[in-house]
Amino acid sequence: MVRLSLIALLLSGTATLAAPQHGQQHPQPAPASVAPAAAAPVAALPRKLQLRSEVNLPRDLVTFGDLIPGLSGETAATAAFRAPGLGETGTIQVARIIEAARAAGIIRETSDFDSQGFAQVVVTRAARRITAADIEIAVKIGLQERFGIDARIFALAIDGGAPAVAVEPELTGDVGVLDLSFDARSRRLQARLAVPGSMAMRLKPLRISGQLVETMEVVVPKRLISRGETLGKDDVIVERRPRDGQGGEIISDARAAVDKVARRALLAGVPLRGSDVQREEIVGKGDLVTIVYEAPGLMITLRGKANEAGAMGDVVSVTNPQSKRVLQGKVSGPGRVSVQPSLNGRIASAQ
């Protein structure tokens, strides 16, 4: 966390904001004047003042009202410290808050404060985060409007990764493209983007460079799938990923993964390959099974032994342990193999 600097409160009644301490990440803020503290009605204040341990605020200034509950009027509105940058968190030492409050005329003695045992106040500046998806959507809309390019099958690879961008929390408008250049042959682009009404982006414009890369649909697990676990429809999701390096075994249709069994542990977010899953085996190799022979007007059942494992619908070989005859049948249920006349001729030959 970033330590916040104390305002240098002038005894003349005008306060200015001090620069951050040396070595901190925030750029040095310009001094800002605040309302005179001489008007604070000290007599109306509680006998013992307490501090909030945490403060969340949308402004660039921390007032005494933000720090001390129970204050009102001009006293509460008096600026005390510079807030962290948008989306950032900092701390203010309690000793410096007490010093600032005494200099502003809010308290007379240190004993007027009840610090409640904590040494600093944590201050967080609210912000709206601009994500990589926000940037990609804006660029694709810009490509469609300015160059007539349908970029839905492409992903935007931003040079150096998506930048961390925060804007004022009250702004709800979409990210828009101000300037855009595009080379159709190399698919390289450069763009300048902004959120309407953002002073932060006006002072520090968002500029990116990158490339469009062709994508394909892939099926990925939403969570860790253990070996032998059956995948349900809520366990996977279809996403678009860069086509390069995916290989030919990638599963692109969720139906090819649902109700299949994981042959190994499957990591969340890693595209599934055909070799990662298999149909659930309901007949195991060496299992005793019920062999069912069905013909018009006739059904005969006998016990047999499966010579190979199979899932529903698989054709497997089974052995009649009495005659030692080997039959071919289709797995029709757990521990059940159905034999058709077309596969084995007359059932009498197997007995």
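What counts, and where the lines are drawn
The numbers attached to residues start from 1 for each chain and follow its sequence in the written order. A pLDDT threshold of at least 70 governs which residues receive local features in this predicted model, and a stricter bar of 80 or more applies before side-chain atom pairs are shown or counted, although totals over entire chains, interfaces and linings include all residues. Excluding hydrogens and water, the side-chain values take into account all heavy atoms of the structure. Under the DSSP-based scheme used, a helix requires at least four consecutive residues in state H or I and a strand at least two consecutive residues in state E, with every element numbered from the N terminus. Burial classification: accessible surface area is computed with a 1.4 Å probe over protein chains only, and a residue below 20% of its type maximum counts as buried, one above 50% as exposed, and the rest as partly exposed. Whenever a carboxyl oxygen of Asp or Glu lies within 4 Å of a side-chain nitrogen of Lys or Arg, that contact is scored as a salt bridge. Any two strands with at least two DSSP-identified bridges between them are counted as paired. To estimate the expected span of a helix, subtract one from its residue number and multiply by 1.5 Å. We call two residues contacting when some pair of their heavy atoms lies within 4.5 Å. Polar contacts, as used here, are pairs of N or O atoms within 3.5 Å; protein pairs need one atom able to donate a hydrogen and one able to accept it. Residues neighboring in sequence count only if both atoms are side-chain atoms. Like-charged residues are merged into a patch within 9 Å and nonpolar side chains (Val, Leu, Ile, Met, Phe, Trp, Tyr) within 5 Å, provided each residue has over 30% relative accessible area and no salt bridge. Where accessible areas are quoted, they stem from the Shrake-Rupley method and a 1.4 Å probe; at the residue level, only the protein chains shown are allowed to cover. All axes are obtained by fitting lines to C-alpha atoms, using only the stretch in contact for helices, and the reported angles, taken between N-to-C directions, cover 0 to 180 degrees. Pairing of aromatic rings covers Phe, Tyr and Trp, the last counted by its six-membered ring, and requires centre-to-centre distances within 6.5 Å; plane angles under 30 degrees mean stacked, over 60 mean edge-to-face, and any other angle means tilted. Note on scores: pLDDT gives the predictor's confidence for each residue, bounded by 0 and 100. The arc in question is formed by the directions pointing from the helix axis toward the C-beta atoms.

A few words now on the overall build of the protein. Secondary structure summary: the protein contains 6 helices and 26 strands in total. Within the protein, buried positions represent 38% of all 351 residues.

Quick look at unusual backbone geometry now. Leaving glycine out, the prevailing phi sign among residues is negative, and the prevailing peptide bond configuration is trans. Unlike most non-glycine residues, Arg187 shows phi in positive territory, near 60°. Mapping Arg187 onto the fold places it in the loop between β14 (176-183) and β15 (188-194).

This brings us to the pattern of salt bridges. Evaluated as defined, the whole model comprises 14 salt bridges. For Arg82, the salt bridge identified is with Asp60, shortest N-O distance 3.9 Å. With Arg82 in strand β7 (residues 79-82) and Asp60 in the loop between β5 (54-57) and β6 (61-63), this pair connects stretches of sequence that are 22 residues apart. Residue Arg82 is classed as buried on the basis of its relative accessible area of 17%. Here Glu239 and Arg241 are joined by a salt bridge, their closest N and O atoms 2.8 Å apart. Glu239 gets classed as partly exposed once you look at its relative accessible area, which sits at 29%. One salt-bridge network, in which partners are shared between bridges, spans Arg223, Glu229 and Asp235.

On to the pairing of β15, then. Two strands pair when backbone bridges link them, and β14 and β15 are joined in this way by 7 bridges, in the antiparallel orientation. Residue pairing across strands places Asp179 opposite Arg192, the latter belonging to β15. Taking the residues between adjacent antiparallel strands as the criterion, β14 and β15 are bridged by 4 residues, where Arg187 takes a positive phi near 60°. Pairing analysis gives 6 bridges linking β15 to strand β16 (residues 206-221), with the strands arranged antiparallel. Counterpart to Gln190 in the pairing with β16 is Ser209.

Under the 1.5 Å per step criterion, the end-to-end length of helix α4 (residues 132-147) is 22 Å for 16 residues, consistent within 8% with the ideal 22 Å. Where α4 is buried, its residues contact β11 (128-130), β12 (154-158), β14, β15 and β16. Gly148, located one to two residues past α4, shows a positive phi value of around 70°.

Okay, the side chain of Thr319 next. Structurally, Thr319 can be placed in strand β24 (residues 315-319). Side-chain polar atoms of Thr319 contact the side chain of Asn307, separated by 3.0 Å. Ignoring any residue separated from it by four or fewer positions in sequence, one finds Thr319 in contact with Gly304, Lys305, Asn307, Lys324, Arg325 and Val326.

Taken together, the side chains of Leu224, Leu267 and Val270 present a nonpolar region at the surface, about 280 Å² in accessible area. Mapped onto the elements, Val270 comes out in the loop between β18 (260-262) and β19 (277-279). The exposure class assigned to Val270 is partly exposed, which follows from its relative accessible area of 41%.

In spatial order, the strands read β21-β22-β24-β25-β26; together these 5 strands close into a barrel with mixed pairing. Averaged over all pairs of adjacent strands, the angle between strand axes in this sheet comes to 50°, irrespective of strand direction. Pairing of strand β25 (residues 326-333) with strand β26 (residues 336-339), which is carried by 3 bridges, proceeds in the antiparallel orientation. Its bridge partner lying in β26, Gly333 is registered against Arg336.

This brings us to the packing of aromatic side chains. A complete count under the given rule lists 1 aromatic pair for this structure. With centroids separated by 6.0 Å and ring planes inclined at 55°, the aromatic side chains of Phe147 and Phe182 adopt a geometry described as tilted. With Phe147 in helix α4 and Phe182 in strand β14, the pair connects residues that are 35 residues apart, well separated along the chain.

Turning our eyes to something else, we now look at the confidence of the model for the protein. Mean pLDDT over the protein: 83, with 84% of residues reaching 70 or higher. Contacts from residues 1-45, a stretch scored under 50 in pLDDT, to residues over four places away or in other chains number 88 contacts. Contacts for the low-pLDDT stretch residues 343-351, under 50 throughout, to residues beyond four places or in other chains number 18 contacts.

This part is about helix α3 (residues 94-103). Those residues of α3 that sit buried are Val94, Ile97, Ile98, Ala100 and Ala101. Looking straight down α3, one finds that the buried residues subtend no more than 165° of arc, so they occupy a single side. Immediately downstream of α3, the backbone of Gly105 shows phi near 85°, a positive value.

Moving on to the environment of Gly142. One can find Gly142 in helix α4. Taking relative accessible area as the criterion, Gly142 reaches 3% and is therefore assigned buried. Spatially, the C-alpha atom of Gly142 lies 9.3 Å from that of Ala191, the residues being 49 residues apart in sequence.

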